[in-house]
2 protein chains.
Amino acid sequence: MDGMSGKIPTQQAALAARYGAAVPPTGPWNATIAGLLDHRSVRGYRPDPLPPGTLETLVAAAQSAATSSNLQTWSVVTVEDPAARAVMAEVAGAQKHILECPLFLVFLADVSRNDRLGQAEGRALEGLPFLETFLVAAIDAALAAQNAVVAAESLGLSTVYIGALRNDPARVAETLGLPPGAVGVFGLCVGYAKAGAEGEVKPRLPQSIVLHRRRYDALGEPAARTSYDAEMRGFSQRNEMAADTWTARVIARIGTIRALRGRDRLAAALHALGFPLR
Amino acid sequence: MDGMSGKIPTQQAALAARYGAAVPPTGPWNATIAGLLDHRSVRGYRPDPLPPGTLETLVAAAQSAATSSNLQTWSVVTVEDPAARAVMAEVAGAQKHILECPLFLVFLADVSRNDRLGQAEGRALEGLPFLETFLVAAIDAALAAQNAVVAAESLGLSTVYIGALRNDPARVAETLGLPPGAVGVFGLCVGYAKAGAEGEVKPRLPQSIVLHRRRYDALGEPAARTSYDAEMRGFSQRNEMAADTWTARVIARIGTIRALRGRDRLAAALHALGFPLR
């Protein structure tokens, strides 16, 4: 039943796809790990519906992830109505895959459920207004969502995270009827990839500058960035993208406030949605 | 080679362990999903070392998770020296499994690598000082870490996240030699569970109040919380924990500022470590 079966790349091939020339030492390996390494974000979907019960299976996987002190400060909303999908796509800067995919989820950092619990019990929860509690909620939402992604991909489905919902959290909240203390931290498209939309596995930075032993060490960074820029230039050329090197992409994405597309106002948006971030 | 083989619970058993009486509709199923549902956090480890290459395999899985705009704003540090382990355990409130486990990782929200890139290229990256960029980094660290957890568990290893490193981010940063713009967002113990330390799968809230269709809907929450409180009371009794219901645990954990154990000062700690959170 595993969607990976029959197309599991060898360990060497999987590591080469992910790291180019900078392949790390090999270690233990199995089909689950092969599936994790084979991930790619997909931005084109067929309209085919998902098998019955898929949503519930993905949510069960998501809820099985660790959650800080079992607080479970996250929720997820399905976006089904075309008008609501159109709002999500517009907020995200006209990403058409949000309209195409059979399942679009918005993951929420959600302290409102805990807040309602406190109110029902006549106890003000003093910890709720703090940045720490928002961060716990956002991290828990991410852990949950990543489990949903792993489950989806194991079933032969594709996904892509939509962080651009944070361009306008208030509009997302209004569209989904969110209570104060709940905010969409990202969306997730789920569905079957269109022919040609799956693309190559994207190379990542060499492990040598992401994994630090004992103490943080940036000495090897300039050389590693040069080699990774070359990997990403090749990947971009083969996959017809705009900017070429990693260096150019990082500068394009966070070089200017304008490139944040409204997310420079995230703190104010969160305040307005019931997160004082004290 | 998959550590789950031979002990895959049936779908019904897995859902019942996770949801008690509130079992959701069944859907597609495979060994990877069974592994996700079988997760439990483990707080007791044997000293046995991990097979060679395990760390590199976990990091390859982690780096294969999606990362916002491929910015890769996270890093991971191994904590190996006994003195450094002792600091981590102390910061986390004397959690002895941090001393026991053969591998202890600290996941960083890390914008310092992008910052060094900008400096080397003579370009100030205007987007770096914003709350949005810190949030991207924390979410990316969480997505990466969850992939590492899934990979570890697929190999028969156990894990537990250590959010309590946020009790004192400055001490963690000093111990690991972190540059400005890097902060430990959580730790992760990895190793083989001691006999008896694996415990039961912990029940979660019914899907009916975590999964919202079309719009957020909290109407069913009081009834769902009553039934979940009963599930958690049973779980606590069987596993000899202190507080009994979920309601009691939520109030204990975030009812008071004191219970945050210093994390009420997280915003100030982040400012001091190079995250203006603008």
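Being a predicted model, the structure only gives us computed values, none of them experimental.

## Let's talk about the pairing of strand β2 (residues 103–110) of chain B
Residue and element names in this part refer to chain B.
Phase 1 of the analysis: Of all the eight residues making up β2, eight are buried; the element is thus mostly covered by neighbouring parts of the structure.
Phase 2 of the analysis: Two strands pair when backbone bridges link them, and β2 and strand β4 (residues 182–191) are joined in this way by eight bridges, in the antiparallel orientation. Looking at the pairing, Ala-109 lines up with Val-183 of β4.

## Concerning the UniProt feature "domain: Nitroreductase" (unreviewed entry) in chain A
Phase 1 of the analysis: Per the UniProt record, "domain: Nitroreductase" (unreviewed entry) is found at residues 38–192 of chain A.
Phase 2 of the analysis: Span residues 38–192 of chain A is 42% helix and 18% strand, its end C-alpha atoms 16 Å apart.

## A short note on the nonpolar core
Phase 1 of the analysis: By size, the foremost hydrophobic cluster in this structure holds 198 residues, and its most contacted members are Phe-104 and Phe-134 of chain A together with Phe-104 and Phe-134 of chain B.
Phase 2 of the analysis: Ignoring any residue separated from it by four or fewer positions in sequence, one finds Phe-104 of chain A in contact with Val-77, Thr-78, Val-79, Arg-85, Met-88, Ile-98, Ile-162, Leu-165, Gly-187, Leu-188 and Cys-189 of chain A.

## Some points on the pairing of strand β3 (residues 158–162) of chain B
Phase 1 of the analysis: Counting buried positions along β3 of chain B yields five of five residues, so the element is predominantly enclosed.
Phase 2 of the analysis: Burial along β3 of chain B is two-sided: Ser-158, Val-160 and Ile-162 of chain B facing one way and Thr-159 and Tyr-161 of chain B facing the other are all buried.

## As for unusual backbone geometry
Working note: non-glycine residues mostly have negative phi, and peptide bonds are mostly trans.
Phase 1 of the analysis: With a phi angle near 55 degrees, Asn-70 of chain A is a residue other than glycine that sits in the positive phi range.
Phase 2 of the analysis: For Asn-70 of chain A, the position within the fold is in the loop between α3 (54–63) and β1 (74–78).

## Notes on the sheet that holds strand β4 (residues 182–191) of chain A
Phase 1 of the analysis: An order of β3(A)-β4(A)-β2(A)-β1(A)-β5(B) is seen for the five strands of this open sheet, with the pairing classed as mixed. Both edges of this open sheet fall to β3 (158–162) of chain A together with β5 (211–213) of chain B, since each of them pairs with a single strand only. Strand-to-strand twist of the sheet, defined as the mean angle between neighbouring strand axes without regard to direction, takes the value 25 degrees.
Phase 2 of the analysis: Sheet topology note: the β3 of chain A/β4 of chain A ladder contains five bridges and is antiparallel. Bridge pairing in β4 of chain A links Ile-162 of chain A to Gly-187 of chain A.
Phase 3 of the analysis: On the sheet, helix α6 (residues 112–120) of chain A packs against β1, β2 (103–110) and β4 of chain A and is oriented at approximately 50 degrees with respect to β2 of chain A.

## Overview of the sheet that holds β3 of chain B
Phase 1 of the analysis: With mixed pairing, five strands are arranged side by side in an open sheet as β5(A)-β1(B)-β2(B)-β4(B)-β3(B). Either end of the sheet is taken by a strand with one partner, and the two such strands are β5 (211–213) of chain A together with β3 of chain B. Going across the sheet, the axis of each strand differs from the next one's by a mean of 25 degrees, ignoring polarity.
Phase 2 of the analysis: Bridge analysis of strand β1 (residues 74–78) of chain B against β2 of chain B gives five bridges, and the strand direction is antiparallel. In the sheet register, Val-76 of chain B faces β2 of chain B, and the bridge partner there is Phe-107 of chain B.

## Quick notes on the interface of chain B and chain A
Quite often, the size of an interface is put as the accessible area lost when its parts meet.
Phase 1 of the analysis: With 120 residues of chain B at the interface, the matching set in chain A holds 121 residues.
Phase 2 of the analysis: Summed over the shared surface of chain B and chain A, the result is 14 salt bridges.
Phase 3 of the analysis: It is helix α7 (residues 131–154) of chain B that contributes the most residues to the side of chain B that touches chain A, 14 residues altogether.
Phase 4 of the analysis: Here the residues of the side of chain B that touches chain A sort into 64 nonpolar, 31 polar and 25 charged.
Phase 5 of the analysis: Pairing geometry for β1 of chain A and β5 of chain B, over three bridges, is parallel. Paired with Thr-78 of chain A across the two strands is Arg-213 of chain B, which belongs to β5 of chain B.

## Focus on the side chain of Arg-85 of chain A
Phase 1 of the analysis: Mapped onto the elements of the fold, Arg-85 of chain A is located in helix α4 (residues 82–91).
Phase 2 of the analysis: In this structure, Arg-85 of chain A is buried with no salt-bridge partner, the nearest side chain bearing the opposite charge being Glu-80 of chain A at 7.6 Å.

## Some thoughts on the relation of the copies chain B and chain A
Phase 1 of the analysis: When chain B is brought onto chain A, the operation consists of a screw motion whose angular component is 180 degrees and whose axial shift is 0.0 Å, with 0.0 Å RMSD remaining. One copy is carried onto the other by what is essentially a two-fold rotation axis.

Cut-offs used in this document
- Residues numbered from 1 in each chain as written.
- Chains lettered and ligands numbered in written order.
- Predicted model: local features only at pLDDT ≥ 70, side-chain atom pairs only at ≥ 80, totals over all residues.
- Heavy atoms only, no water.
- Buried < 20%, exposed > 50% of the residue type's maximum accessible area, 1.4 Å probe, protein only.
- Helix = DSSP H or I, 4+ residues; strand = E, 2+ residues; numbered from the N terminus.
- Pairing = 2+ DSSP bridges.
- UniProt positions renumbered as here; feature names shortened; annotations may be inferred.
- Core = buried A, V, L, I, M, F, W, Y, C linked by side-chain atoms within 4.5 Å.
- Contact = heavy atoms within 4.5 Å.
- Axes fitted to C-alpha atoms, helices over the stretch in contact; angles between N-to-C directions.
- Salt bridge = Lys/Arg side-chain N within 4 Å of Asp/Glu carboxyl O.
- Nonpolar A, V, L, I, M, F, W, Y, C, P; charged D, E, K, R; others polar.
- Lys, Arg positive; Asp, Glu negative; His and termini not counted.
- Least-squares fit on C-alpha atoms with pLDDT ≥ 70 in both.

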